[in-house]
Amino acid sequence: MSILIYAESAEGKFKKVAFELASYAKKVAETLGTTVTALTINAGDVSELAKYGVDKVLKVSNDKLNGFTAKAYADAIKQAAQKEASKVILLSSTTDSIYLSSLVAVGLDAGYASNVVGLPVSTAPFQVKRNAFSNKAFNITEITTDVKVLGLAKNSYGIFETPSTLTEEDFAPSISDADFGVKVASVEKVSGKVSIADADIVVSAGRGLKGPENWGMVEELATVLGAATACSKPVSDLGWRPHSEHVGQTGKPVATNLYIAIGISGAIQHIAGISSSKVKVVINSDPEAPFFKVADYGIVGDAFEIVPQLIEKLKAF
Ligand code: FAD
């Protein structure tokens, strides 16, 4: 009765969320006195998972599953859970995994809690803490079904190395042609060098930058830091930046280690999408800008003076 995780990968490489999920699963497994099994789909070399405490990998290799196909992926996870008699199934909170979680829960007649943060509050009864109301509050949710599906909020636990001895097993779930009736190809437009989804650091800018011609310094700062670039909603609405960079309540959620906001006022709808980021740095000329209330570090001043200095210092570092 091991815990099952779905270790997400893209083009044969694990996503960072897979390592966070494995680290989390290891700790939950210790609490429950069990082991961790990971399901991988066309992930190539899976040995990396041993670093994060995974005990066993069920490897699915099937060309038909290249590209995300919700029904077929959900069927594979469901069958893996049944094979391992797993009572706890863990998924990440990427767009794909959020979609899969509910399908898996329905397939297994399981209770599902999304946006879980931290380890279970208690295991009997089984209660977890979850982000609620756009991360402005927490709630404690009890799952009463025998099988439980949890969606771990991104960047809420961290990645920890706990080496294990990994066994690998090929796994061929029975997936019917009907599962491929609708195939959703997820295409992420990446305007910077690093995608927002995988970034450790995001450099984001707002209307305070006055126009698209001023984004050179944002991109340069992002390059120096190895960061992704992002923006506020009006910036993408105005066509200064692509919509794929829009973060916030109606855009992409960002849960990075470091979020740098330049010339963004900090409207509630923007904060809702970035509040799970660990360290928030705000650069704004208005000392009354609401963003300063949630900032860990704030610089009051003109972005056009501060950002070039920051770049210079970082380059010299
Ligand atoms: P502004 O509000 O114009 O702020 C610009 C900031 O730049 C100001 O604080 C100003 O002091 C500062 N500034 C100006 N010049 C400089 C300078 N030289 N140096 C440094 N700072 C300077 N917004 C989002 O971002 N994401 C969302 O998902 C989102 N969803 C929404 C959903 C709904 C239903 C609604 C109604 C709104 C939504 N919004 C969203 C819009 C949101 O309410 C704000 O209007 C928006 O976030 C403001 O963008 P901004 O901070 O870039 O611009």
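About the criteria used
Residues numbered from 1 in each chain as written. Predicted model: local features only at pLDDT ≥ 70, side-chain atom pairs only at ≥ 80, totals over all residues. Heavy atoms only, no water. UniProt positions renumbered as here; feature names shortened; annotations may be inferred. Helix = DSSP H or I, 4+ residues; strand = E, 2+ residues; numbered from the N terminus. Contact = heavy atoms within 4.5 Å. Axes fitted to C-alpha atoms, helices over the stretch in contact; angles between N-to-C directions. Parallel < 35°, antiparallel > 145°, perpendicular 65-115°, else oblique. Left-handed = near helix turned anticlockwise from the far one by under 90°. Nonpolar A, V, L, I, M, F, W, Y, C, P; charged D, E, K, R; others polar. Expected span 1.5 Å × (residues − 1). Buried < 20%, exposed > 50% of the residue type's maximum accessible area, 1.4 Å probe, protein only. Near = heavy atom within 4 Å. Polar contact = N/O pair within 3.5 Å; in protein donor to acceptor, adjacent residues only side chain to side chain. Areas by Shrake-Rupley, 256 points an atom, 1.4 Å probe, with all protein chains shown as cover.

- The name given to the chain in an unreviewed UniProt entry is Electron transfer flavoprotein subunit alpha/FixB family protein, and the organism recorded there is Flavobacterium muglaense.
- Looking at the Sequence similarities (unreviewed entry) heading of the UniProt record, one finds this comment for the chain: "Belongs to the ETF alpha-subunit/FixB family."

1. Focus on the environment of P308
Link 1 in the chain: Tracing the backbone shows P308 in helix α7 (residues 303-316).
Link 2 in the chain: On a C-alpha basis, the gap between P308 and E220 in space is 9.0 Å, while along the polypeptide they are 88 residues apart.
Link 3 in the chain: Excluding residues within four positions of it along the chain, P308 makes contact with M217 and A303.

2. As for the packing of helix α2 (residues 70-84) against helix α3 (residues 95-108)
Geometrically, a packed helix pair is captured by the angle between its two axes and the distance between the axes.
Link 1 in the chain: It is at 9 Å that the axes of α2 and α3 come closest, and there the two elements cross at 50°. With respect to α3, the element α2 is oriented oblique. You can see that α2 and α3 cross each other, and the crossing is right-handed. Residues A70, K71, Y73, A74, I77, K78, A81 and Q82 of α2 pack against Y99, L100, L103, V104, G107 and L108 of α3.
Link 2 in the chain: Each residue belonging to the contact of α2 with α3 can be placed in one class, and the counts come to ten nonpolar, two polar and two charged.

3. Quick look at α2
Link 1 in the chain: Between its terminal C-alpha atoms α2 stretches 21 Å, which fits the 21 Å expected from 15 residues at 1.5 Å a residue.
Link 2 in the chain: Within the span of α2, buried status applies to A70, A72, Y73, A74, D75, A76, I77, A80, A81 and E84.
Link 3 in the chain: Its buried side turned inward, α2 meets β1 (3-6), β4 (36-41), β5 (56-60), β6 (88-91) and α3.
Link 4 in the chain: One or two residues past the end of α2 sits A85, with phi positive at roughly 55°.

4. Topic: the site of the ligand
Link 1 in the chain: Around the ligand, a shell composed of 26 residues is seen, among which S232, T250, S265, H270 and N284 lie nearest.
Link 2 in the chain: At a separation of 2.8 Å, an oxygen atom of the ligand approaches a polar side-chain atom of Q269.
Link 3 in the chain: Contact with the protein chains covers 74% of the free accessible surface of the ligand, which is 980 Å².
Link 4 in the chain: When residues of the shell around the ligand are traced back to their parent elements, those giving at least two are α5 (233-237), α6 (268-274) and α7.
Link 5 in the chain: Looking at the shell around the ligand residue by residue, the classes come out as six nonpolar, 15 polar and five charged.

5. Focus: the side chain of N131
Link 1 in the chain: Secondary-structure assignment places N131 in strand β9 (residues 126-132).
Link 2 in the chain: Contacts of N131, omitting those with residues within four sequence positions, involve N115, V117, A137, F138, A153 and S276.

6. Regarding the UniProt feature "binding site: FAD" (unreviewed entry) in the chain
Link 1 in the chain: Following the UniProt record, the feature "binding site: FAD" (unreviewed entry) maps to R207, G263, I264, S265, G266, A267, I268, Q269, H270 and N284 here.
Link 2 in the chain: Residue position: I264 is located in the loop between β15 (258-262) and α6.
Link 3 in the chain: Leave out the neighbours within four places in its chain, and I264 touches S204, A205, G206, S232, Y259, H270, N284 and F291.
Link 4 in the chain: With respect to the element layout, G266 can be found in the loop between β15 and α6.
Link 5 in the chain: With a relative accessible area of 8%, G266 lands in the buried category.
Link 6 in the chain: When sequence neighbours within four positions are dropped, the list of residues in contact with G266 reads I271, P290 and F291.

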